[in-house]
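Secondary and tertiary structure notes
Chain by chain, the residues run as shown.
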Amino acid sequence: MHKNHFVRYGTAAEQKYMREYQHTYDGIAINGTILAHIPKAISAFMHKDVNKKFFVDPMTHSFQHELDKITSAKGEIKSSIKKLIEAYGEPINIISNKNRPIKNTDFTTKNKKSFVQNVLLFQDQHIMRNIDEEYREYIEYNPTLRREPSFLIAPYFYLKQSSIDSWLDLNTELLEIALTLKKKFNNKDVYAQVVIDKRLLLNASKIDDLINKYSIADGLLYWIDGLDETDSSKDELKSIRNLINKYKKKNPTKRIISLYGGYFSELLLNDGLYGIVHGLEYGETRDVVPVGGGIPLSKYYLPELRKRIPAARMLSLLKSLKIDTIEKFHDEICNCKVCKKVVNSKVVDFNDFIRSKPEPKTIRYSSGRVRQIYYPERESKELCLFHYLEIKNAEIKRIKKEKKETLIKDLNNSYKKYIKFFSEDEINYLNLWAEVVECE
Ligand SMILES: [Zn+2]
């Protein structure tokens, strides 16, 4: 059986959930920025708490955006970024020296090679190097305890329609150099990473060009900037499927992995996609340039809709569906381990899932507006998360087992059931997913 369901390491606080629920996933994706920020905590976690395969996303695109995206409120470069700059060296250190983002012309024949080598070295060794002394001795006796990534990723930069030509050439060159350095890294596979603007996805000839150039790598990872599968056009969804199909046609034995995706991506696991990655909190879609925190609503992943539903909406939905007994809840909503444990009184009390703190916190916006919100209680946030992890695991197992027709019928049935309570706009993605997966 394939082992290809990855969870993204988010924060040190999430480690305990990843440890407790390690039966629900196969591998871990770690962003270079968080690894540079808390290397000791991550190293200890990867060595001692879990025994999972992993890879490190070098996050080299971080250096290419406007500086305010990587600086703190005081105008200083964020410490995690600073540490990554130190690890990668020239020409990335221009950011601190000249106080501007990196340009593709900053790369010279001379500094390209050292940069690529530093980026690969960081991924390959940073976890190993940051283990505590005591455990290091332990590993010397038992080298099988060493933790190294399953593959390396060549440095890459973000591509959008307006600037693709110059950055794509640089990406290709950096990839070529990375492949020549494989010997230094035990001949580990070197993957290419595509990070593109949503609009570029629809440009078939550019995508062809990109696939041709990246096919020299041993595998491919992709991340479509800001694409939300539950709010995408049929053309966008089709283009994702085409990207995978084209890549596999040219590279039948190589692996292609989706870095941010939900159920639609999972369905593509039967259609050439090797692996999927999602985060614990909000990892099914991601903008390349984060736009601030957002308000932490308690959300429940509704298995039939394959989407997180805000607590208040869930409460009214349970009423509309007339789910008033635990049997009905387990039959019609969810019967995972967590839901069986939480929903167990005679009358369904969904409040255990969504309890909010009684004392409101005050949020002051920069506009001067003040708003008071109720944060979800930690316990209910955890329960929603555990349920989510159980369901993701079950979804992927089912997708691998069932026929395509059955999976399509699932989606159609969910639409029919819930269209009574939602607008077409809200849940039409279920139909679009089915149509795109169905077409040959
Ligand atoms: Zn559940």
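No experiment lies behind these values; they were computed from the predicted model shown.

What counts, and at which threshold
- Residues numbered from 1 in each chain as written.
- Predicted model: local features only at pLDDT ≥ 70, side-chain atom pairs only at ≥ 80, totals over all residues.
- Helix = DSSP H or I, 4+ residues; strand = E, 2+ residues; numbered from the N terminus.
- Rg over C-alpha atoms; globule rule 2.2 N^0.38 Å.
- Buried ≥ 20, exposed ≤ 12 C-beta atoms within 10 Å, placed from the backbone.
- Contact = placed C-beta atoms within 7 Å.
- Pairing = 2+ DSSP bridges.
- Right-handed = clockwise from strand over helix to strand, strands pointing away.
- Domains from an automatic or database assignment.
- Nonpolar A, V, L, I, M, F, W, Y, C, P; charged D, E, K, R; others polar.
- Axes fitted to C-alpha atoms, helices over the stretch in contact; angles between N-to-C directions.
- Left-handed = near helix turned anticlockwise from the far one by under 90°.

**A few points about the overall build of the protein**
Secondary structure assignment for the protein yields 20 helices and twelve strands. The C-alpha atoms of the protein give a radius of gyration of 23 Å, which matches the 22 Å a tight globule of 440 residues would have. Referenced to the eigenvectors of the C-alpha coordinate spread, the extents of the protein come out at roughly 70 × 55 × 50 Å. Buried residues in the protein amount to 35% of all 440 residues. Of the contacts formed within the protein by residues at least 6 apart in sequence, a portion of 69% connects residues at least 24 apart.

**Let's talk about the pairing of strand β10 (residues 307–310)**
Of the pairings in the sheet, the one linking strand β9 (residues 299–302) to β10 comprises four bridges and is antiparallel in character. Across the sheet, Lys299 pairs through a bridge with Pro310, a residue of β10. Turn length for the β9-β10 hairpin, with the two strands adjacent in sequence and antiparallel, is four residues, and the turn residue Arg306 shows positive phi of about 55 degrees.

**Structural notes on the environment of Ile81**
Mapped onto the elements, Ile81 comes out in helix α4 (residues 79–88). On the basis of neighbour count, Ile81 is assigned to the buried category, with 25 C-beta atoms found within 10 Å. In this structure the C-alpha to C-alpha distance between Ile81 and His37, which are 44 residues apart in sequence, comes to 7.9 Å. Apart from the residues lying within four places of it in its own chain, the contact partners of Ile81 are Thr33, Ser62 and Ile70.

**As for the pairing of strand β6 (residues 219–225)**
Here β6 lies mainly inside the structure; seven of its seven residues are buried. Residues Gly219, Leu221, Trp223 and Asp225 of β6 are buried on one face, and the alternating residues Leu220, Tyr222 and Ile224, pointing to the opposite face, are buried as well. Summarising the sheet, strand β5 (residues 190–197) and β6 pair through seven bridges and their orientation is parallel. Pairing of Asp197 across the sheet is with Asp225, part of β6. Of the pairings in the sheet, the one linking β6 to strand β7 (residues 255–258) comprises four bridges and is parallel in character. Looking across to β7, one finds that Gly219 is bridged to Arg255. Of the crossover connections in this fold, the one passing from β6 over helix α11 (residues 234–250) to the parallel β7 is right-handed.

**Comments concerning the domain arrangement of the protein**
According to the domain assignment, the protein contains domain 1 (5–278) and domain 2 (299–401). When each unit is reduced to the centre of its C-alpha atoms, the spacing between domain 1 and domain 2 is 31 Å. Contact with domain 1, which involves 13 residues of that partner, is made by twelve residues of domain 2. For the side of domain 1 that touches domain 2, the element with the most residues is helix α12 (residues 263–267), which contributes three residues. When the residues that make up the side of domain 1 that touches domain 2 are grouped by side-chain class, the tally is six nonpolar, six polar and one charged.

**Quick word on the packing of helix α10 (residues 204–214) against α11**
For the pair α10 and α11, interaxial distance at closest approach is 10 Å and the crossing angle is 35 degrees. Helix-helix and strand crossings are classified by hand; for α10 and α11 the assignment is right-handed. Counting all contacts with α10, which are made through Ile207, Asp208 and Ile211, the residues of α11 involved are Leu243, Lys246, Tyr247 and Lys250. Residues of the contact of α10 with α11, tallied by class, amount to four nonpolar, no polar and three charged.

**A short note on the environment of Lys254**
Looking at where Lys254 falls in the secondary structure, it is placed in the loop between α11 and β7. A sequence separation of 63 residues divides Lys254 from Tyr191, and the C-alpha atoms of the two residues are 9.7 Å apart. Sequence-distant contacts of Lys254, that is, excluding residues within four places in its chain, are made with Asp218, Gly219 and Leu220.

**Focus on the sheet that holds β6**
Spatially, β3-β2-β1-β8-β7-β6-β5-β4 is the arrangement adopted by the eight strands of the open sheet, whose pairing is parallel. Of all strands in the sheet, those with a lone pairing partner are β3 (53–57) and β4 (152–153), marking the two edges. Pairing between strand β2 (residues 27–31) and β3: five bridges, direction parallel. Counterpart to Asn31 in the pairing with β3 is Asp57.

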